[in-house]
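What the coordinates show
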Amino acid sequence: MTSTRRSPWLATGYGLGHVLMVVPLALLVAGASLIVGLSVVGLGVLLVRPFAPALAGFAGVHRRMAASFLGRDLPEARLTRTGAGPWRQVIAWFGQRTFWQLVLWLLFAATGGLALSALAAGLPFGIIALVATAFGLWSSGEAPLFLFALGIGLAPLWWYYGDVFMRLRTHTEATILRPDPNAVLEQRVADLTASRADTVDHSAAELRRIERDLHDGAQARLVSLGMNL
């Protein structure tokens, strides 16, 4: 894992952002657990239809945060919509690599990813709390050397490794959410095909307009010439 070192304060900010989004993350985990539980009676599959787009949108937010922290573009792996009914759509998603990437990302974000963000975000606040508590006890006549030494000892850990925690999380997210190279190529081909079709249609319309202007203009000049004669 190679990347430009970031400020530990920046890593703390991104980690705090992840921690603040723990509520929607918990709701998605609860939704996934409900889907697994109801799949025994066949009802969980129906919940995948609203769950998958919500999961893809939330993962997209984290992908953009990872791209911003790493300072490079991260391509997006998109769920393909078939426009069919709920059952057919869900079955199609089960056959897509992107769907299982999103599931794997959710497992990581709710476990190791959240722990890494909590370390990056919580270390400076923990250090401040320990040092403040030590000074408070010292002012009351006690000698809290252990708390003060612990706070001072954690400061280098956060300063040198706070960035590492966040880089480890964002690199892992970038790896998990990386789209299939074949799918990227197919999407580029589809985009080029659509762009070519639009260009051809525009050129044909422009050619018809020129032909119509030439025809109408020549006809008007002939009529004018006949009237003059």
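Read on for a plain summary of the structure. Computed from a predicted structure; not experimentally measured.

A separate point is the overall build of the chain. A tally of regular secondary structure across the chain gives eight helices and zero strands. What you see in the chain, going N to C, is helices and strands ordered as α-α-α-α-α-α-α-α. Within the span of the chain, comprising 229 residues, buried residues form 30% of the whole. Summed over all atoms, the accessible surface of the chain reaches about 14,200 Å², with 68% contributed by carbon and sulfur.

Before going further, it helps to examine the packing of helix 1 (residues 8-20) against helix 3 (residues 44-70). Direction vectors running N to C along helix 1 and helix 3 enclose 180 degrees, while the axes themselves pass 12 Å from each other. As judged from the angle between their axes, helix 1 and helix 3 are roughly antiparallel. Residue-level contacts link Leu10, Ala11, Tyr14 and His18 of helix 1 to His62, Met65, Ser68 and Phe69 of helix 3. Broken down by class, the residue content of the contact of helix 1 with helix 3 amounts to five nonpolar, three polar and no charged.

Turning our eyes to something else, we now look at the packing of helix 2 (residues 22-38) against helix 5 (residues 97-110). Running from N to C, helix 2 and helix 5 cross one another at 125 degrees; their axes reach a closest spacing of 11 Å. On the basis of their axis angle, the class for helix 2 and helix 5 is oblique. In this structure, helix 2 crosses over helix 5, and the sense of that crossing is left-handed. Mapping the contact onto sequence places Leu25, Leu28, Val29 and Ala32 in helix 2 and Leu106, Ala109 and Ala110 in helix 5. Here the residues of the contact of helix 2 with helix 5 sort into seven nonpolar, no polar and no charged.

A separate point is the nonpolar core. Val48, Leu55, Trp105 and Leu106 are the most contacted members of the largest nonpolar core, which has 35 residues in total. Looking at this core, the elements with two or more residues in it are helix 1, helix 2, helix 3, helix 4 (86-94), helix 5, helix 6 (112-139) and helix 7 (145-176). A total of 10 residues in this core trace back to one element, the largest contributor, which is helix 3. Excluding anything up to four places from it in sequence, Val48 contacts Ile35, Pro53, Val90, Trp93, Phe94 and Phe99.

Now for the pattern of salt bridges. Summed over the entire model, instances satisfying the criterion amount to four salt bridges. Arg63 serves as the salt-bridge partner of Glu76, at 3.7 Å between the closest nitrogen and oxygen. Linking Glu76 in the loop between helix 3 and helix 4 with Arg63 in helix 3, this pair joins segments that are 13 residues apart in sequence. Exposure remark for Glu76: the relative accessible area of 40% places this residue in the partly exposed category. Taking the relative accessible area as the measure of exposure, Arg63 reaches 13% and is therefore buried.

Once that is clear, we can look at the side chain of Gln96. Inspection of the secondary structure assignment puts Gln96 in the loop between helix 4 and helix 5. Take Gln96: its relative accessible area is 15%, and that puts it in the buried class. If we skip the residues at most four places from it in the chain, Gln96 touches Arg78, Leu79 and Thr80.

A few words on the environment of Trp100. Looking at the secondary structure, you find Trp100 in helix 5. Trp100 sits in the partly exposed class, given a relative accessible area of 46%. Along the chain, Trp100 and Ile176 lie 76 residues apart, while their C-alpha atoms are 9.8 Å from each other.

As for its placement among the helices and strands, Gln101 is situated in helix 5. What Gln101 contacts, discounting residues up to four positions off in sequence, is Ala77, Ile176, Leu177, Arg178 and Pro179.

The rules behind the values
- Residues numbered from 1 in each chain as written.
- Predicted model: local features only at pLDDT ≥ 70, side-chain atom pairs only at ≥ 80, totals over all residues.
- Heavy atoms only, no water.
- Helix = DSSP H or I, 4+ residues; strand = E, 2+ residues; numbered from the N terminus.
- Buried < 20%, exposed > 50% of the residue type's maximum accessible area, 1.4 Å probe, protein only.
- Areas by Shrake-Rupley, 256 points an atom, 1.4 Å probe, with all protein chains shown as cover.
- Axes fitted to C-alpha atoms, helices over the stretch in contact; angles between N-to-C directions.
- Parallel < 35°, antiparallel > 145°, perpendicular 65-115°, else oblique.
- Contact = heavy atoms within 4.5 Å.
- Nonpolar A, V, L, I, M, F, W, Y, C, P; charged D, E, K, R; others polar.
- Left-handed = near helix turned anticlockwise from the far one by under 90°.
- Core = buried A, V, L, I, M, F, W, Y, C linked by side-chain atoms within 4.5 Å.
- Salt bridge = Lys/Arg side-chain N within 4 Å of Asp/Glu carboxyl O.

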